[in-house]
Amino acid sequence: MTTHDITALRTHSASLEVEWSDGLFSRYPWIWLRDHAHDADTLHPVTQQRQLFTAGLPETLAPMAVALGVGDTGSGVGDVLIRWEHDDAPSVLPAAFLARYRHPRVARAGVEVTPVLWDAATLDGAPTVAFADVMASDEGIREWLGATSRFGFCLAVGTSATAEATEQLLRRIGYVRETIFGGMWEFTADLTKADTAYTDLELRPHTDGTYSHDAPGVQLLHYLEFVGTGGESTIVDAFAVAARLRSAHPDHYRTLSTVQVPGQYIGDGSHLLAARPVLRHDHTGTLVQVSFNNYDRAPFLLPEDEMLAFYAALRAFDQLVNDPEMQWRHVLAPGEAMLFDNWRVLHGRCAYTGLRRMCGGYVNREDVESRYRQLL
Ligand code: OGA
Ligand code: ZN
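The notes below deal with the structure included here.

Cut-offs used in this document
Residues numbered from 1 in each chain as written. Chains lettered and ligands numbered in written order. Predicted model: local features only at pLDDT ≥ 70, side-chain atom pairs only at ≥ 80, totals over all residues. Heavy atoms only, no water. Salt bridge = Lys/Arg side-chain N within 4 Å of Asp/Glu carboxyl O. Helix = DSSP H or I, 4+ residues; strand = E, 2+ residues; numbered from the N terminus. Donors = N, O, S within 2.8 Å, 3.2 Å for Na, K, Ca; no water. Buried < 20%, exposed > 50% of the residue type's maximum accessible area, 1.4 Å probe, protein only. Near = heavy atom within 4 Å. Polar contact = N/O pair within 3.5 Å; in protein donor to acceptor, adjacent residues only side chain to side chain. Areas by Shrake-Rupley, 256 points an atom, 1.4 Å probe, with all protein chains shown as cover. Nonpolar A, V, L, I, M, F, W, Y, C, P; charged D, E, K, R; others polar. 1 Å grid on protein atoms, 1.4 Å probe; cavity = no way out; pocket = protein on both sides within 12 Å on 5 of 7 lines; lining within 4 Å. Points joined across faces, edges and corners; volume = space filled by probe spheres on them.

**A closer look at the pattern of salt bridges**
Point 1. In the structure shown here, the tally under the stated rule is 19 salt bridges.
Point 2. Its salt-bridge partner being R105, residue E112 comes within 3.6 Å of it at the nearest N-O pair.
Point 3. Salt-bridge contacts for R365 lead to D341; the nearest nitrogen and oxygen are separated by 3.0 Å. Residue R365 is found in helix α9 (residues 365-373), and its partner D341 is found in strand β18 (residues 337-341); the two are separated by 24 residues along the sequence.
Point 4. Where salt bridges share partners, they join R10, E17, E19 and R27 into one cluster.

Below, the structure written as structure tokens:
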């Protein structure tokens, strides 16, 4: 949908200047306009893939005629129509398409959602949706993914306490990721995998997959059965922790943003190893991923001052994430399937006694984004 109309066009030697109805001027280089033309020979109408051999275009590209469409040329009213000097191919640039690039800026991947940072005092209960709504409609899944994007987690309540229902729920988002744990997994404290999760010990807040170059995007955890004591689950908004750390200890923040920390998984026929900073920023300086798992950290040694700075920063970060003021704590009951953003929040659980059967699975980051992007 066009939210802005084009009111005037001005040609320059290397670019076209567009004046918008709100008074903004945008500049589009001629080569960019040719590269992004919407005719079928340039952009395949079905695959949306570029058919143009961009590098084969003349180095200096010049327009012969530029006009605003009037609706009788196969283009919409107000679209930009260009004829080129080097060939006679007419290019159509829809106004709605140009409007998306009114402000030049560096490309970013990901769905741009503004996270709502929270701590124990500001979180007004856990975000929840009904299992039935998620299963029934796009609106339900949009709510579930929307809340998970904003808060980092959201419970789907009313889920039958079966592995099948849990899997159905996860498949509403995307296909289940296969890892060393399988696709959907189910576990009790039996150490069938070489991981503390498969014990009844405390699991301090962590992210999963620090040993993977592409840590799981989201995780769904669902207790199918729990007869015992303890086992309270914790969720911590690590973006909120990072914000606190940044204002209180900018030096620690810098350390955790720059030191490459290796994570590893050894066992079950695997030796996985990956490394990235605890706080990973994209090329625009935006925090995009938190990776923190003290259990899985692999040995590394830096020069003394850097090594000591790392341990000081780790201590400060760990103190914050284990401060109950930063935590949402809850004994999850069967029926409460918890989806969380494994790039944003840390999860953990207290030690427990008794029988506890849990199932869950992962979906890749890009697949969650793909699903959500199409619902927006
Ligand atoms: C895990 C995990 C939490 C729990 O499996 O990665 O953190 O409650 N489990 O068992
Ligand atoms: Zn975990």
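**With respect to the coordination of the zinc ion (ligand 2)**
Point 1. Within the protein, the atoms that donate to the zinc ion (ligand 2) are H206 (NE2), D208 (OD) and H347 (NE2), at distances of 2.1 to 2.2 Å.
Point 2. The motif formed by the donor residues of the zinc ion (ligand 2), counted along the single chain, is H-x1-D-x138-H. Here the residue D208 occupies a position in the loop between β10 (203-206) and β11 (218-230), and H347 occupies one in strand β19 (residues 345-349), the gap between them amounting to 139 residues. In this structure, D208 and H347 share a single accessibility class: buried.

**Points about the site of ligand 1**
Point 1. Residues in close proximity to ligand 1 include F187, A197, L203, H206, D208, L221, Y223, H347, R349 and R356, which together make up its full environment.
Point 2. D208 places a side-chain nitrogen or oxygen 2.9 Å from an oxygen atom of ligand 1.
Point 3. Separating an oxygen atom of ligand 1 from a side-chain N or O atom of Y223 is a distance of 3.4 Å.
Point 4. Against a free-state accessible area of 290 Å², the protein chains account for coverage of 94% of ligand 1.
Point 5. Those elements that place two or more of their residues in the shell around ligand 1 are β10, β11 and β19.
Point 6. Looking at the shell around ligand 1 residue by residue, the classes come out as five nonpolar, two polar and three charged.

**Re the layout of surface pockets**
Point 1. Estimated volume of the largest pocket: approximately 810 Å³.
Point 2. Along the wall of the largest pocket there are 33 residues; nearest its centre are R108, V111, L287, V288 and R365.
Point 3. Secondary structure elements with two or more residues in the lining of the largest pocket: α4 (138-151), α6 (238-248), β16 (287-290) and α9.
Point 4. Residue contributions to the lining of the largest pocket peak at five residues, all from α9.
Point 5. Together, 20 residues line the second largest pocket, and R100, Y101, H103, R105 and A107 are the ones closest to its centre.
Point 6. The dominant element in the lining of the second largest pocket, judged by the number of residues it contributes, is strand β3 (residues 25-29), at four residues.
Point 7. In terms of residue class, the lining of the second largest pocket is built from 10 nonpolar, three polar and seven charged.

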